[in-house]
Structure formats: structure tokens, C-alpha cells
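What follows is each chain in one-letter form.
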Amino acid sequence: MKLKHILPIFLMLSGLLACTPENTPGSHSDPEMDSFIAELMGKMTLEEKIGQINLVSVGFDVTGPRVSEDVEEKIVNGQVGAVFNTYTPVAVRKLQELAISKSRLGIPLLFAFDVVHGHRTIFPVPLGLAASWDMELIEKSARIAAEEASAEGLNWTFSPMVDITRDPRWGRICEGSGEDAWYGSRVAEAMVRGYQGEDLAAQNTVMACIKHFALYGGAMSGRDYSTVDMSLLKMTEDYMPPYKAAVEAGAGSVMTSFNDINGVPATANRWLLTELLREQWGFEGFVVTDYTAVEELIPFGVAKDVRDAARLSLEAGVDMDMVSEIMVDHIGVLIEEQIVDPQLVDEACRRVLEAKYKLGLFEDPYRYADEQRGRDIPLSKDYRNAAMEIATRSMVLLKNENEILPLKREGSIALIGPLASSRRDVIGNWSGGGRAADAVSVEEGMRKLLGKDVVIHTAKGANITNDTLLLYKLNAHGGRLDYLDPAKLLKEALRAARKSDVILAVVGESQGMSGESASRSHIGIPQSQLDLLKALKKTGKPLVIVLMNGRPLTLEWENEHADAILETWFAGTEAGNAIARVLYGESNPSGKLTATFPRNIGQIPIFYNHKNIGRPYGGDMLDKFKSQYLDVSNEPLFPFGFGLSYTTFSYGELQLSSTELGKSGSLSISVEVSNTGSYTGEEVVQLYVQDLVASVTRPVKELKAYQKISLSPGEARELTFTLSPDDLRFYNTQLEYISEPGAFKVYVGTNSRDVQEAGFELVW
Ligand code: BGC
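Scoring rules and cut-offs
- Counting restarts for each chain: residues are numbered from 1 in the order of the written sequence.
- Residue-level local features of this predicted model are given only where pLDDT is at least 70; pairs of side-chain atoms are given and counted only at 80 or more, and the full residue set underlies all totals for whole chains, interfaces and linings.
- As a rule here, side-chain values cover all heavy atoms of the structure and leave hydrogens and water aside.
- Here, the term disulfide refers to a pair of cysteine sulfur atoms separated by no more than 2.5 Å.
- Only protein chains enter the accessibility calculation, which uses a 1.4 Å probe; a residue is then buried when its area is under 20% of its type maximum, exposed when over 50%, and partly exposed in between.
- How far each domain reaches was decided by an automatic or database domain assignment.
- A contact between two residues is defined here by any heavy atoms of the two lying within 4.5 Å.
- The buried area of a pairing is the accessible area, by a 1.4 Å probe, that goes missing from both parts when the two are put together, added over both.
- Within this document, salt bridges are pairs made up of a side-chain nitrogen of Lys or Arg and a carboxyl oxygen of Asp or Glu, the two lying within 4 Å of each other.
- Three classes are used: nonpolar for Ala, Val, Leu, Ile, Met, Phe, Trp, Tyr, Cys and Pro, charged for Asp, Glu, Lys and Arg, and polar for all others, with Gly counted as polar.
- Counting from the N terminus, the helices are DSSP H or I runs at least four residues long and the strands are E runs at least two residues long.
- Put simply, buried Ala, Val, Leu, Ile, Met, Phe, Trp, Tyr and Cys residues joined by side-chain atoms within 4.5 Å make one nonpolar core.
- Put simply, a residue is near a molecule or strand once any heavy atom of it comes within 4 Å of that molecule or strand.
- We call two N or O atoms a polar contact when they sit within 3.5 Å, provided that within protein one can donate a hydrogen and the other can accept it, with sequence-adjacent residues counted only if both atoms are side-chain atoms.
- Patches here are clusters of residues that have more than 30% relative accessible area and form no salt bridge, with a 9 Å joining cutoff for like charges and a 5 Å cutoff for nonpolar side chains (Val, Leu, Ile, Met, Phe, Trp, Tyr).
- Computed by Shrake-Rupley with a 1.4 Å probe, the accessible areas treat only the displayed protein chains as cover when residues are assessed.

### Some details on the state of the cysteines
In step 1: The full count for this structure, using the stated rule, is 0 disulfides.
In step 2: Left without a disulfide partner, Cys174 is nearest to the cysteine sulfur of Cys209, which lies 18 Å away.
In step 3: Using a relative accessible area of 1% as the deciding quantity, one classes Cys174 as buried.
In step 4: Unpaired in this structure, Cys349 has its nearest cysteine sulfur neighbour in Cys209, at a distance of 18 Å.

As C-alpha cells, this is what we get:
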């Protein structure tokens, strides 16, 4: 039997994945919707049905290799079901009016956009949001994004991106929540809740789109759009859970990924889109492709021409074609020639119409094109305050020697670096609805907070990079970065540094250096900026590095020589205010990394939850036949879960309610955490488990729970976690989600490396 035949059987066997009566595809709980849509579809021609599955891009943003043409004419002809990259109530109303009053049946359009980390008010990039370990705030950011997007005419966002990745060379790591499937699932659920709220038809909610289904973060060599090759066990355990969690949270749509899976591109992968997603997970929404992904089946070499590409994707389970317009051009003929089953178009069309119905568009097609809301809602003071709060909580303190931070409000500082005065970079990439003009640069935030208390000397210090080819590429992608004389820049920076008490170097990546099609083979701070840091270090002044970047960076030199390092990601509209507050102690940093920072590129992929192996390294580098490098340690520079605070925390011993956990029982794990420093601070207390002996190799640690708490100086609190046998289940070689009795360890600590441990047995 071939793999493709065995696979569905395996998955059907799995208890967790099996269908239940409630989630059986097609089981709708809304007979009114069903009869409305059946009646409407009864009036539709085949061409009009095919029109519903066509998604075109036109308007204010260009997010792929080409834009759609003759859109207005196509809308009138009933050849368009949805539009993306057009927003504002006026622009949306104009196109919606064409659909409603000029097309034969007046079916409303969906309006989509990549609202990824905020719409007008921009929040930290998703990797930064994830570092907050605060699901309420993450949900709130998505809620605000939905309020703003829906006020600007949108009803569908291409978010959340829930792709797990363990490769920071991949630029899109900044769009997701990092390397852990369990944690990524919690973020995915929070985002879906935030966007969709309780009622999709409400004027202030938008439909979510889970992307990129599936495994896009497994791109080989970290190069965007490259192939993905992984075992079924690995994908099921480490990559699929967040997509599934988002489906279970009720997301209305799913986007296919650009990669192949088991040799079949996602957009033509029937196992993925129909058997797994619909039949086993019970997904009832619709599946849209990624940008021109139908047509890309041809260069993939699985479709010989456009007709073949149209057939393969429709048969696989695609319901909407993004920009290729191959479905709209070819499916009709393929049906006429009896090559494609017309039932497939009916199903795809029905799913798209159902989404429109659930969004309330048949009741009021202009529901989201309310000009008054468009004026009142975006960028309100409350939203900006929320953006500031979330930004401060996303920042991760990586180093703080001799308590140099928080800084004192006195004397003078040298604020140096190519990112110090930038408003465009702080809002990061995928911030199309945001405006640099609304954002606060670090310099502006510092000046506002410090007034006359501190003298600020500024200097750019270096170009983002002196690599002119890279600069050219970044500029071509809309970065607009200047290139100035490096010697002159350095001279100015040294002059500023020498007359200041402390140097604050704002360095890292420009916004275009991470995101789509922004893979890097060196993930350090660009050489131009590293040279600047080295020269600044030689002045002997205390050196605080304020990092801006969208991925884990290699920071060995920086970690050795800087006095402090604050990771701020691309922190959004309020970045400058938030960074100033954190640097001056108005907020105590509490973010923790959700992606491991390697020491060097050669360690990649590096992640905390790697498997047990037969020759683990035991700490003796002369023990030759152990899994180790000759030239670098196995340990990352900063592990998963890592992040410091201005205060310190100490952990007491773990107390277990029992040394045994029975089949239907639960186990309590308690630990006392105390604030032993002099600032009030928040700590993310993390709990990991390890299955010591199992029928398949298990990770050395797996995150299973966490609690974020705030403690004042001297305060201690006892925290209790509860584990049940369910938390200890895993996928075996048959992909069954099972429990096996035996010995386990539980670890609790401040990050995935620094933990207390205790043992217990799972018994039947
Ligand atoms: C990206 C998607 C995005 C789409 C629409 C694609 O290039 O991969 O993440 O949603 O464009 O802008």
C-alpha cells in the first residue's frame, strides 16, 4: 500500500482526529442560511458560481507578484467574489455598489486585507506579541485590529499566521508565534477570538484566515517558498496543532501555503485540504489559496498547464483562487468537457456564500462601509494606549549587567543608530493600514518622556547596511533607506558618544529585512552596525543596545561586550514611547522569548524541545563520540522562554501532590516564587514535562502550562499547576494520540533551561 493510502487510515484511527457527529463537515446548525443559499444558488448560472470563487487584488497595497486587471468590469459581470487590498469606507462602498446594483444577482463582495498586527494602530510584530505571554492582551490586539479594519470597510483578514518555525533564517518567523506548537496554539485561539468576537455579523468583527496551511515554516534552508520535507510524526506533533486549534476556535477561512507536503503542493493537496482539514478536523469554512498559488502548480511540475492547475486545486478542496484567475478562466470549459465535476464548484460557491451570510452581508452589504465609524474608530486614544501597553510587555531584556537599566533621569545620553529616529521601521512589515506618520520613533519617545531632565545627543552612526546590493533590494521593496558616507557617520557618532554619560545604540534590522521573501543566511546585526558598536565600545562609555528586528539574531559579540541588551522587535505605532518607558523604568520588562536565539548560524535549526537521542552530550567536550560540535557549544545564546527583569525572582522547591498520577486523576505541582529584587515585576513561570520512556522518542522538555504573575519587592506567592493524563499524551508511530504509563519528569522555572525538577509516574 502506498503512503498516501495509509495516511488517511492512520489519521482516522487517531482518537483525537476522528470525526464526531457535531463536527461532521456539512452539518450546519442554521437551516435559514441553508435555504437562503440554496434559493440563491438556484438562480445562479455556472459562470456566476465560478465568479464567487475568484479573489482579486486591487487598491492600495501590492502584496504579490502582480495585481488584477479590469476589476470593475469583472465585478459587474459577476466574475468576482471577493477583493483584497481595497479599504476605507468610500473605496469599499464604490466596489460594493457595483456588485449590488450592477451585477445581475447583486451578491455582495468580501473585502480582505492583511491585517496582521493591527490595522491603523499597529501592535508589535506577532513574534513580539507572542513574547508577552499574555493571551488577554494578544486577543485585545486582534480585537482592536478588527474594530479598526471593520471601520475601514474590511470584513476579512488574512491572519493569524500560525506557522511554527524553528529556522530564524526564514524571514516570516516574525509573523508567527515562534517554535512551540502548544504555545502557538494558545496564541492562534486568542487571535481568532479577537478578530471574530462572539458574532461574525457584528459591525465590528472580521473573519479570520488561518495561514499558511500547512507547514510553511518548515521551508528548507530557511529560504522562503522553498520545499518542505518532514515526517508525518513531526508534522502532526510539532507543526499541525496551531492550525487545528484555530479551526477549533471557529476561524472562518484557511489559506493554503506556498510549499509542498509529502511531495504535493498544498494548493493541490487533497489529503491536506479535504481529508485532514475537512473530514478529520471538521472545518466548515472555505479555503482560499495564497497569492497566485494555483498558477504556481505549473512551475512546481505537478500541473502541465493552467487547465490542469485549475482542476487539481479544485479537486483538492480549494474554494477560492487568489489572483491567478485560472479558476474563473478555465473551470467552466473543464465542466463542459466533463473533466471536472460541477458539484465541486457548487460546494466551493456555497462555502463562500455561507461566509458572506455569516458576516451579515446579505442583510446589509454596506455594514462595514460606515463612514462615521471610519472617522471615529481608527487610532483612538484608547487604542494607542493599548498599543503602548502591549509594546512594553512584548520587550525582552536579554542582558543587564550591574543594573545599568533602568537608566537614571539625569545627565546625558548618546542616542545612536540607523533605527533611532525611524518611524517607518518601528511599525514593521505587514503594517499596510498603518502609517509611519502616526508612529513614534525612539528619539521622539525619549524626548517626550525625558523633557529637559536628560540631554540627548543623536547621531545616525551607520547605514543599516553597507552592502549596496542588499540596500538596493530593500529600497526596491519600498524600504527607502539612505546610504551616507560611513566614515562621516561614525565620526558624528563618536562625537556624540564622547560627550554623553551612556550610549544607547538602536540597531538591528530595517523592517524590510524580515517578513515575506526576506530570508537571510547571516542573521547577525549587519556589519556596518556591528562596526559602529565596536567603535562605540572603545569609548569606554556604558553601552546599552536597543534591538529592533523580526527574528532571533546571532548576538555573541553584543552579548559579550554590551552592558545591556533590550529586544524591542518592531514594536508598533507606540514603539518610541514604550521603549523610553522601559529604558527609564516606568515599565519593568517581562517578555520572554518564544524562539531560541542561536549562537551562530551553524546551530540552526535549534529549539528547546528537541528529542532524546542515543548519544546525548553530557557536558564533557573530550567525550568524543557524543552529539556535539567541535567549534561551538550545543547551547543556544538565549533559550526559549528566556527574559530578564529589573527585579530578580527566586524559586522554591517543587511540591507534588503525589508521586503517582492515575488514569482519571490529576497531579498538582506547587512552587513558591518570590520577588527578591527591588522593583515590582512580572514573571512568566513555565512548566515543562518530559516522558522518560515511551514507544517513540520524546522531547527532552515540552511546555505544558505557564502562569504570568506580578510580585512586589519581597512578595512571595505559591503557584499551583494541575496536570492531567491528557497533558501527557503524544502521537505514536501510527499517529494515534495515546497515553503510555511510566516515569515522567516535571520542570518549573523562569525559562526552558533554568528549572527545578521532580519526578512522578503515570499509572493505570
Ligand atoms: C502572502 C500571504 C498574504 C497574501 C495576500 C502572500 O504573498 O504569503 O501571507 O496573505 O500574499 O497579501
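Further notes follow.
### Some details on the domain arrangement of the protein chain
In step 1: On domain assignment, one finds that the protein chain holds domain 1 (30-374), domain 2 (401-603) and domain 3 (649-762).
In step 2: Between domain 2 and domain 3, the C-alpha centre-to-centre distance is 36 Å.
In step 3: The interface of domain 2 with domain 3 comprises 4 residues on the first partner and 9 residues on the second.
In step 4: Interface area for domain 2 against domain 3, summed over the two sides, is near 540 Å², with a carbon-plus-sulfur share of 45%.
In step 5: It is Asn588, Ser590 and Lys592 in domain 2 that bury the most area against domain 3; as a group they hold 78% of the surface buried on that side.
In step 6: On inspection of domain 2 and its partner domain 3, the count reaches 1 salt bridge.
In step 7: Between Glu683 and Lys592 there is a salt bridge, with its nearest N and O atoms 2.9 Å apart.
In step 8: Counted by class, the side of domain 2 that touches domain 3 contains 1 nonpolar, 2 polar and 1 charged residues.

### Focus: the pattern of salt bridges
If the charged atoms of two oppositely charged side chains come close together, the side chains can form a pair.
In step 1: Scanning the entire structure with this criterion turns up 49 salt bridges.
In step 2: Of the charged contacts, one joins Glu237 and Arg698 as a salt bridge, the two residues approaching to 2.6 Å between their closest N and O atoms. Of this pair, Glu237 sits in helix 9 (residues 232-239) while Arg698 sits in the loop between strand 21 (681-691) and strand 22 (702-711), placing them 461 residues apart in sequence.
In step 3: Look at the salt bridges and you will find they share partners, linking Asp134, Glu389, Arg393 and Glu682 into a network.

### Some points on the nonpolar core
Generally speaking, soluble globular proteins have nonpolar side chains that are buried together.
In step 1: Ranked by internal contacts, the top residues of the largest apolar core, which has 129 residues, are Trp156, Phe213, Met240 and Leu272.
In step 2: No other element matches the 9 residues that helix 7 (residues 135-151) contributes to this core.
In step 3: Taken together, domain 1 (30-374) and domain 3 (649-762) each give at least three residues to this core, which thus spans both.
In step 4: Dropping the residues within four chain positions of it, Met240 is found in contact with Phe213, Ala214, Leu215, Met235, Trp271, Leu272, Leu276 and Trp281.
In step 5: Core analysis: the next-biggest nonpolar cluster, separate from the first, contains 82 residues, Leu407, Met513, Leu593 and Phe597 among them.

### What about the environment of Lys102?
In step 1: Locating Lys102 in the fold gives a position in helix 5 (residues 89-102).
In step 2: The spacing of Lys102 and Leu723 is 621 residues in sequence and 59 Å in space, taken between C-alpha atoms.

### Looking at the site of the ligand
In step 1: Around the ligand, the structure places 14 residues, and the nearest of them are Thr63, Asp114, Arg172, His212 and Asp290.
In step 2: At a separation of 2.6 Å, an oxygen atom of the ligand approaches a polar side-chain atom of His212.
In step 3: Between the ligand and Glu516, the relevant distance is 2.9 Å, taken from an oxygen atom to a side-chain nitrogen or oxygen of the residue.
In step 4: By residue class, the composition of the shell around the ligand is 7 nonpolar, 2 polar and 5 charged.

### Regarding a nonpolar patch on the surface
In step 1: Nonpolar side chains collect at one region of the surface, where Tyr617, Met621 and Leu622 lie side by side and expose about 370 Å² of accessible area between them.
In step 2: By the element assignment, Tyr617 lies in the loop between helix 23 (575-583) and strand 17 (649-651).

### A look at unusual backbone geometry
In step 1: A cis geometry characterises the amide bond from Ser159 onward to Pro160, with omega recorded as 10°.
In step 2: Here Pro160 lies in the loop between strand 4 (156-157) and helix 8 (181-196).
In step 3: Cis geometry is found at the peptide bond from Leu405 to Pro406, where omega equals -5°.
In step 4: Residue position: Pro406 is located in the loop between strand 11 (396-400) and strand 12 (412-416).
In step 5: A positive phi angle, close to 50°, is found at Trp133, a residue other than glycine.
In step 6: For Trp133, the location among the structural elements is in the loop between helix 6 (126-130) and helix 7.

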